[in-house]
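# Observations on the three-dimensional arrangement
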Number of protein chains: 4
Amino acid sequence: MTISVFDHPILSALLGDEEVSSAFSAEADIRAILTFEKALASAQAVLGVIPAEAAVRIGEACDNFSPEIAILASGVAQDGVIAPTLVKLLREEVAEPYAAKVHFGATSQDAIDTSLVLRLKPLVGSFATRLDALIALLRAIEAEQGATLLMGRTRMQRALPIHAADKVRGWREPLHRHSCRLAELRERLLIIQFGGAVGVRGGLEGRGDAIAAELARLLELNNGPCWQVQRDCLAEFAGWLSLVSGALGKIGQDVAILAQNEISEVKLAGGGASSAMAHKSNPVGAEILVTLARFNSTLLAAQHQSLIHENERSGAAWTLEWLVLPQMLAATGAALRHASTVCGGLRFVAAAV
Amino acid sequence: MTISVFDHPILSALLGDEEVSSAFSAEADIRAILTFEKALASAQAVLGVIPAEAAVRIGEACDNFSPEIAILASGVAQDGVIAPTLVKLLREEVAEPYAAKVHFGATSQDAIDTSLVLRLKPLVGSFATRLDALIALLRAIEAEQGATLLMGRTRMQRALPIHAADKVRGWREPLHRHSCRLAELRERLLIIQFGGAVGVRGGLEGRGDAIAAELARLLELNNGPCWQVQRDCLAEFAGWLSLVSGALGKIGQDVAILAQNEISEVKLAGGGASSAMAHKSNPVGAEILVTLARFNSTLLAAQHQSLIHENERSGAAWTLEWLVLPQMLAATGAALRHASTVCGGLRFVAAAV
Amino acid sequence: MTISVFDHPILSALLGDEEVSSAFSAEADIRAILTFEKALASAQAVLGVIPAEAAVRIGEACDNFSPEIAILASGVAQDGVIAPTLVKLLREEVAEPYAAKVHFGATSQDAIDTSLVLRLKPLVGSFATRLDALIALLRAIEAEQGATLLMGRTRMQRALPIHAADKVRGWREPLHRHSCRLAELRERLLIIQFGGAVGVRGGLEGRGDAIAAELARLLELNNGPCWQVQRDCLAEFAGWLSLVSGALGKIGQDVAILAQNEISEVKLAGGGASSAMAHKSNPVGAEILVTLARFNSTLLAAQHQSLIHENERSGAAWTLEWLVLPQMLAATGAALRHASTVCGGLRFVAAAV
Amino acid sequence: MTISVFDHPILSALLGDEEVSSAFSAEADIRAILTFEKALASAQAVLGVIPAEAAVRIGEACDNFSPEIAILASGVAQDGVIAPTLVKLLREEVAEPYAAKVHFGATSQDAIDTSLVLRLKPLVGSFATRLDALIALLRAIEAEQGATLLMGRTRMQRALPIHAADKVRGWREPLHRHSCRLAELRERLLIIQFGGAVGVRGGLEGRGDAIAAELARLLELNNGPCWQVQRDCLAEFAGWLSLVSGALGKIGQDVAILAQNEISEVKLAGGGASSAMAHKSNPVGAEILVTLARFNSTLLAAQHQSLIHENERSGAAWTLEWLVLPQMLAATGAALRHASTVCGGLRFVAAAV
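Along its length, chain A carries twelve helices and four strands. Summarising its shape, the C-alpha atoms of chain A cover approximately 80 × 40 × 35 Å along the three principal directions. Scored against the burial criterion, the 353 residues of chain A give a buried share of 70%. Restricting to contacts in chain A with at least 6 residues of sequence separation, those with at least 24 account for 78%. Looking at chain A as shown, the accessible area adds up to about 10,000 Å², and 55% of this sits on carbon and sulfur atoms. Across chain A, the centroid of the 31 positively charged side chains sits 9 Å from that of the 37 negatively charged ones.

The partner chain A presents 67 residues to the 67 residues of chain B that form the contact. The tally of links from chain B across to chain A stands at zero salt bridges. Summed over the shared surface of chain B and chain A, the result is eleven residue pairs in polar contact (both at pLDDT 80 or more). When contributions to the side of chain B that touches chain A are tallied by element, the ones reaching two or more residues are α1 (12-15), α2 (18-23), α3 (26-46), α5 (69-79), α6 (83-94), α11 (284-305) and α12 (315-344) of chain B. Of the residues forming the side of chain B that touches chain A, the biggest block, twelve residues, is contributed by α11(B). Within the side of chain B that touches chain A, the residues separate by chemical class into 42 nonpolar, 21 polar and four charged.

What follows is about the relation of the copies chain B and chain C. Related by rotation about an axis and a shift along that axis, the two copies of the chain form a pair. At an RMSD of 0.0 Å, chain B and chain C line up after a rotation of 180 degrees and a shift of 0.0 Å along the axis. Here the copies are linked by what is in effect a two-fold axis. Relative to the rotation axis, the closest C-alpha in chain B is found at A301(B), a distance of 2.8 Å. Comparing contact sets, 100% of the residues at the interface of chain B also lie at the interface in chain C, consistent with an isologous, same-surface contact.

Look at helix α10 (residues 232-258) of chain D: 39 Å from first C-alpha to last across 27 residues, which is about the 39 Å you get at 1.5 Å a residue. Burial analysis of α10(D) places 27 of its 27 residues in the buried class, the great majority of the element.

Below, the discussion takes up the packing of aromatic side chains. Applying the stated criterion across every chain yields a total of 16 aromatic pairs over all chains. Centre to centre, the rings of F6(B) and F295(B) are 5.9 Å apart; their planes meet at 55 degrees, and the pair counts as tilted. Of this pair, F6(B) sits in the segment before α1 while F295(B) is found in helix α11, placing the two residues 289 residues apart along the sequence. Assigned by exposure class, F6(B) and F295(B) land together as buried. Between W318(D) and W322(D), the ring centres sit 5.1 Å apart and the planes meet at 75 degrees, which makes this aromatic pair edge-to-face. Here W318(D) and its partner W322(D) are both found in helix α12 (residues 315-344), four residues apart, which amounts to about one turn of the helix. What makes W322(D) buried here is its relative accessible area of 12%. Against the face of F104(A) rests K101(A), its NZ or CZ located 5.1 Å from the ring centre.

In this section: the environment of W322(B). Distance from W322(B) to Q303(B), taken between C-alpha atoms, is 9.2 Å for residues 19 residues apart in sequence. Excluding residues that lie within four positions of it along the chain, W322(B) makes contacts with V5(A), L11(A), L14(A), L15(A), G80(B) and V81(B).

Moving on: the interface of chain B and chain C. If you look at the interface, chain B gives 63 residues, while chain C gives 63 residues. The contact between chain B and chain C buries some 5,200 Å² in all, and 55% of this surface belongs to carbon and sulfur atoms. If you sort the residues of chain B by the area they bury against chain C, R155(B), I308(B) and N311(B) come out on top, with a joint share of 14%. At the boundary of chain B and chain C, one finds ten salt bridges. Between E184(B) and R188(C) there is a salt bridge, and its shortest N-O distance comes to 3.1 Å. Taken together, the connections running from chain B to chain C amount to 34 residue pairs in polar contact (both at pLDDT 80 or more).

To continue, consider the environment of A183(A). Residue and element names in this part refer to chain A. Among the secondary structure elements, A183 is positioned in helix α8 (residues 164-189). Classification of A183 by relative accessible area gives partly exposed; the value is 48%. A sequence separation of 23 residues divides A183 from G206, and the C-alpha atoms of the two residues are 34 Å apart.

With that settled, the discussion passes to α11(B). With 22 residues, α11(B) extends 32 Å between its outermost C-alpha atoms, agreeing within 8% with the 32 Å of an ideal straight helix rising 1.5 Å per residue. Most of α11(B) is tucked away, with 22 of its 22 residues classed as buried.

Before going further, it helps to examine the pattern of salt bridges. What the rule picks out here adds up to 104 salt bridges over all chains. A salt bridge links K167(C) to E312(B); its shortest N-O distance comes to 3.0 Å. Within this pair, whereas K167(C) is found in helix α8 (residues 164-189), its partner E312(B) is found in the loop between α11 and α12, the two belonging to separate chains. Considered together, K167(C) and E312(B) belong to a single accessibility category, that of buried residues. Taken together, the shared-partner salt bridges in this structure form one network comprising R177(A), R181(A), E184(A), R188(D), D232(D) and E236(D).

All names here are of chain A. Along the chain, the position of Q145 falls in helix α7 (residues 108-145). One polar contact links the side chain of Q145 to the main-chain amide nitrogen of F348, over a distance of 2.7 Å. Not counting chain neighbours up to four residues away, the residues in contact with Q145 comprise A164, L346, R347 and F348.

This part takes up the side chain of D79(B). With respect to the helices and strands, the residue D79(B) is situated in helix α5. Here D79(B) occupies a buried position and makes no salt bridge, while the nearest side chain of opposite charge, R155(C), is found at 8.6 Å. Setting aside residues no more than four positions away along its own chain, D79(B) makes contact with G272(A), A273(A), V284(A), P84(B), T85(B) and R155(C).

Residue and element names in this part refer to chain B. By the criterion of burial, strand β1 (residues 149-154) is predominantly enclosed, with five of the six residues buried. Across five bridges, the pairing between β1 and strand β2 (residues 157-163) is antiparallel. Bridging from a neighbouring strand, T154 pairs with Q157 of β2.

Okay, unusual backbone geometry next. Excluding glycine, a negative phi dihedral is what most residues carry, and trans is how most peptide bonds are arranged. With omega at 10 degrees, the peptide bond leading from E96(A) into P97(A) counts as cis. Following the sequence through the fold, P97(A) ends up in the loop between α6 (83-94) and α7. You will see that A95(B), though not glycine, has its phi angle at about 65 degrees, which is positive. Note that A95(B) resides in the loop between α6 and α7 (108-145). Judged by its relative accessible area of 31%, A95(B) falls in the partly exposed class. Despite not being glycine, S264(B) has its phi angle at roughly 50 degrees, a positive value.

Parameters and conventions
Residues numbered from 1 in each chain as written. Chains lettered and ligands numbered in written order. Predicted model: local features only at pLDDT ≥ 70, side-chain atom pairs only at ≥ 80, totals over all residues. Heavy atoms only, no water. Helix = DSSP H or I, 4+ residues; strand = E, 2+ residues; numbered from the N terminus. Buried < 20%, exposed > 50% of the residue type's maximum accessible area, 1.4 Å probe, protein only. Contact = heavy atoms within 4.5 Å. Areas by Shrake-Rupley, 256 points an atom, 1.4 Å probe, with all protein chains shown as cover. Lys, Arg positive; Asp, Glu negative; His and termini not counted. Charge placed at Lys NZ, Arg CZ, Asp CG, Glu CD. Salt bridge = Lys/Arg side-chain N within 4 Å of Asp/Glu carboxyl O. Polar contact = N/O pair within 3.5 Å; in protein donor to acceptor, adjacent residues only side chain to side chain. Nonpolar A, V, L, I, M, F, W, Y, C, P; charged D, E, K, R; others polar. Least-squares fit on C-alpha atoms with pLDDT ≥ 70 in both. Expected span 1.5 Å × (residues − 1). Phe/Tyr/Trp six-rings, centres within 6.5 Å; stacked < 30°, edge-to-face > 60°. Lys NZ or Arg CZ within 6 Å of the ring centre and 35° of its normal. Buried area = accessible area lost by both parts, 1.4 Å probe. Pairing = 2+ DSSP bridges.

Here it is, written out as structure tokens:
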């Protein structure tokens with residue numbers, strides 16, 4: 001049952017990313033939702049909105065609760081979201097007298113969006129690190145191989161000679177900007193979601209904003225206004241993912257062109273085998289970079305469609321995000337991995353000039 | 001490890017389609033590839049290109065062989081395709097003196113594309129059946145509820161009264177055309193792939209075309225020229241999938257609008273619950289139809305990008321198809337399922353006119 | 001004031017198509033709307049729904065009327081469609097006693113959609129002819145140059161030799177299917193739109209269907225049910241346009257690769273000059289084919305989004321089509337032109353094998 | 001000859017934006033290219049790379065030169081870019097002995113990309129201003145009408161009451177972030193392009209970087225490394241345009257829903273007329289906001305495809321940008337205009353709660 005190459009037991013070895021996959025397992029999602037529910041109860045206890053004992057009991061339950069997947073699946077099929085059933089099961093787990101204090105004043109979107117952000121946070125950190133490592137690798141290539149003379153090509157024709165350093169600098173400079181962009185957007189992205197039924201933090205004795213602040217503190221996320229209908233930070237992040245995979249796609253396309261036998265200005269380590277031709281060594285990693293870039297650039301359109309989030313919650317637009325963003329993360333993660341391998345095994349060969 | 005909602009143990013209950021998922025399991029893919037390899041050997045034996053004993057031995061091996069997933073994954077990570085490792089393993093299984101007769105004159109794309117078509121064939125049949133059933137359901141609604149007076153709305157404003165029959169006919173008529181289109185395209189789509197290393201059926205003593213004809217007969221697929229660089233039939237089919245999900249998305253959008261409390265010209269069976277508001281009954285199925293339509297229409301762009309399939313095989317463009325087409329099938333399958341449920345539980349209520 | 005390259009006084013020489021541009025001038029649109037209004041009046045007179053004299057007077061007015069563009073623009077800015085103001089002006093032109101018989105029982109969408117179809121009809125014919133000519137050109141190349149030995153390349157690496165005939169056949173065969181597809185879809189596409197305010201042909205003394213039949217006869221279009229909310233035939237046609245430009249994009253990509261200096265298996269007539277390097281000859285036409293293919297494949301997603309056409313007329317979804325379909329026609333027209341030039345000036349050169 | 005609604009003499013009144021159209025006229029492009037060429041000569045004279053007299057003569061010629069459009073069009077059709085012919089004509093205008101000093105050490109992309117940035121600069125400023133004005137308008141609505149009780153709706157169903165202030169704040173807050181994002185990206189975006197034939201500022205006696213710095217100073221743009229193969233800042237800006245139109249599309253969708261007759265929680269000034277139903281008042285502006293958002297989100301995918309800019313200049317990928325970015329600017333400009341009109345004429349009406 002593997003529609004997606006990112007989940008496929010075989011193809012994910014080529015196209016997937018383990019770190020992203022772990023973050024988007026059903027288990028990880030449930031754990032993050034329970035983390036939210038626990039922190040929410042704690043915050044509400046701190047603010048005196050629920051009894052301290054309730055928060056303790058809810059926290060214990062959240063720490064130990066493993067709901068049955070089949071029941072959650074059945075609930076989602078009916079409700080369109082995991083939260084109603086999960087909350088119901090958690091309330092049973094918590095039991096009286098505190099059952100009603102679970103998910104108090106919250107709504108499905110609070111739990112699910114905050115779960116997403118909790119899991120994005122380490123991925124954002126990891127992507128930043130991986131990007132830095134790739135930049136360092138490219139710098140090393142420039143230092144070691146930068147003096148190699150290549151042929152510059154414009155419009156697919158030989159133009160004038162360049163140095164390998166020029167080529168690699170053209171690959172590297174966008175990555176610096178991507179690092180910079182990530183630093184700019186992460187503060188906007190990693191914000192808790194807490195708004196209640198219609199996003200106004202109602203029914204909380206006027207302490208909604210204070211609860212939000214405490215919740216953010218506990219979850220080590222940023223605080224901010226409820227963003228349940230404001231999906232721009234997710235769309236911006238999706239754009240960043242596609243900018244990164246696009247920059248890596250340019251590297252892949254260049255490498256695939258330079259590795260053509262007649263050009264051979266690049267030699268690659270570890271080419272792919274052919275089932276028909278033993279003599280071949282295919283630039284598989286370079287091609288995959290192109291594939292992933294074209295894939296992400298297309299999916300980005302769907303994430304932006306979801307900006308049209310009607311009323312106080314759009315089932316249609318919100319669900320669309322679920323179909324798109326995890327894939328874009330996986331594709332970018334896989335692209336970072338391939339870029340590292342391709343560049344790590346790349347040797348420039350002086351052009352015939 | 002579930003990036004995709006279609007593979008997700010919980011969310012697939014809402015957004016997935018079991019039939020499509022089964023067709024795209026790794027196991028089903030491997031089985032279909034082995035079916036191809038067996039039939040290829042049989043065809044080549046019939047044509048005298050390999051010994052009859054070789055075909056027998058290969059067929060036995062294909063029937064019983066279950067390669068280890070981890071080895072295939074490791075091969076794919078290196079080669080970009082499953083076939084080189086799978087063929088190598090199968091040759092070991094077949095063993096001498098016939099090992100070299102496995103996959104004889106064939107290439108990875110022959111095995112993988114034909115595997116795809118083998119699995120598309122029953123899905124095409126099933127989608128046709130499901131479409132017919134939906135048409136029949138809509139006809140029944142017209143017959144039973146068609147006389148109900150609704151308000152016609154244009155540009156989101158009340159216009160003039162219509163009958164429910166008018167509304168439902170507007171939903172149904174595109175589905176007839178989709179049936180017709182499927183009949184037209186299925187003959188072009190369900191064609192074996194057999195071309196060898198560069199698509200010219202070389203190295204087969206001039207019997208490549210005869211082998212292809214026999215192969216098609218054995219696999220109960222259509223015969224035709226090698227299409228390894230001609231991806232139009234897959235793109236056309238992807239377009240069909242999006243036409244269908246788009247038609248169902250229009251139904252979903254209409255239903256979600258008519259089910260608004262203030263309009264209430266539609267009552268739905270089995271609405272979704274809210275984690276915050278007990279009084280609500282959400283038109284989840286209708287919203288999901290909109291989600292799936294917007295998703296497919298976006299993905300279609302990626303499938304069309306893959307038409308630019310350079311040279312005699314494009315690793316970049318071909319791989320892109322793998323990321324896209326299975327998802328589109330799953331989304332359309334899920335949409336057919338939801339459309340059936342939504343329409344099956346729908347009751348028109350006379351408008352205040 | 002030229003946002004679009006297709007309308008740009010300079011860039012359209014590279015990227016535009018005169019035939020498509022003529023069909024989509026404001027003047028052509030107005031003329032086609034007036035043709036619709038005249039035929040509608042004639043049909044209604046034949047059926048006795050309006051007096052014969054009214055039809056004569058309306059026909060005269062339609063033949064001679066040239067509404068002021070600025071007034072129409074002002075009307076569109078208010079109404080979102082051209083028809084209300086155009087009909088108002090036409091009624092003034094017709095004057096009493098027949099003013100009210102203009103656009104009788106019709107709605108904006110009838111006039112505008114039928115105008116579109118009236119202008120698509122000759123374009124469909126022309127595209128079929130241009131496709132046939134390109135197929136014939138490719139056949140001639142196969143006949144004349146087919147024996148030239150080229151290097152087959154898979155995954156951007158040299159594989160095994162092929163003949164130029166193999167390469168060209170891979171370009172040509174999809175075009176045959178595109179011809180076939182166009183023949184299939186044109187009957188569905190070239191259908192009059194006539195439904196009245198909410199698409200049910202109301203207020204016409206029960207003669208709506210008979211009027212539609214006569215209207216189709218007069219306009220030499222097909223008759224069929226009102227399709228104002230059923231946009232599948234336009235989306236299907238958009239898919240066809242992108243299939244064609246995609247097939248031509250594959251030709252362009254192949255040519256650009258084969259024309260690389262180090263490969264030189266293709267020589268092109270009339271390459272483009274560089275402002276910096278006098279020695280260069282750029283494969284401009286081949287690159288443009290790739291550009292147009294990638295453009296159309298993206299736009300196709302927007303045309304499919306418009307399938308979600310809510311209620312009895314969606315201002316949002318309908319308008320979206322206006323932004324998309326003309327561009328796709330122009331891009332495909334330009335691609336057919338470039339493909340013809342590129343292939344017409346192409347000479348294969350035997351590969352070093 | 002108007003394929004695009006943005007250029008259409010009638011439809012641009014609905015869908016166009018005059019400011020963007022002016023910036024993208026052929027005349028404006030030529031003027032900006034000539035501004036670049038003049039500044040380049042001045043910078044090179046300052047650095048002693050060309051004689052001061054040459055710069056004076058080139059400057060005079062650039063100030064007064066109006067090349068014939070037909071000749072440029074003919075050149076573009078051949079070369080794929082305007083620059084070779086324009087430079088040739090300008091050299092004839094400058095005449096000996098300084099003709100060869102025109103466009104010295106520069107390439108087509110330098111002239112055309114810098115021309116783009118020169119024209120983007122005022123548009124970026126204008127969009128910032130228009131965004132601020134819209135934010136101020138929304139603030140005023142909150143102040144004046146914020147206390148009106150509306151019904152909050154989730155998943156298209158009545159949920160719990162909210163205030164108009166909550167609704168409007170949900171519209172406004174993303175716009176603040178868009179302002180912030182624009183401030184972040186504008187420094188990266190508004191950078192001169194100057195790289196010469198292959199982007200390494202060669203053939204300039206080692207003074208390429210100094211020329212670039214002086215050129216940036218003269219053009220009042222930022223200086224930076226040559227970005228001819230690094231298209232991320234354009235793609236990022238395209239993403240911003242779609243974020244803005246997406247945020248406005250959400251406003252439009254909300255308004256269209258609230259303006260439904262049965263809901264009527266919003267009254268709009270100046271609705272559109274229907275050609276069939278005198279009683280209607282259509283929320284045209286609100287619908288157009290949805291149209292433009294869906295359009296831009298789709299086009300964004302094409303702009304991101306162009307990140308895969310192979311080698312030292314990609315004719316295919318670069319040209320694709322020309323087909324996309326101007327349209328996105330026009331769509332966003334039009335969306336800002338409509339949002340201002342829709343919100344300016346909007347009156348909330350207390351919900352029946």
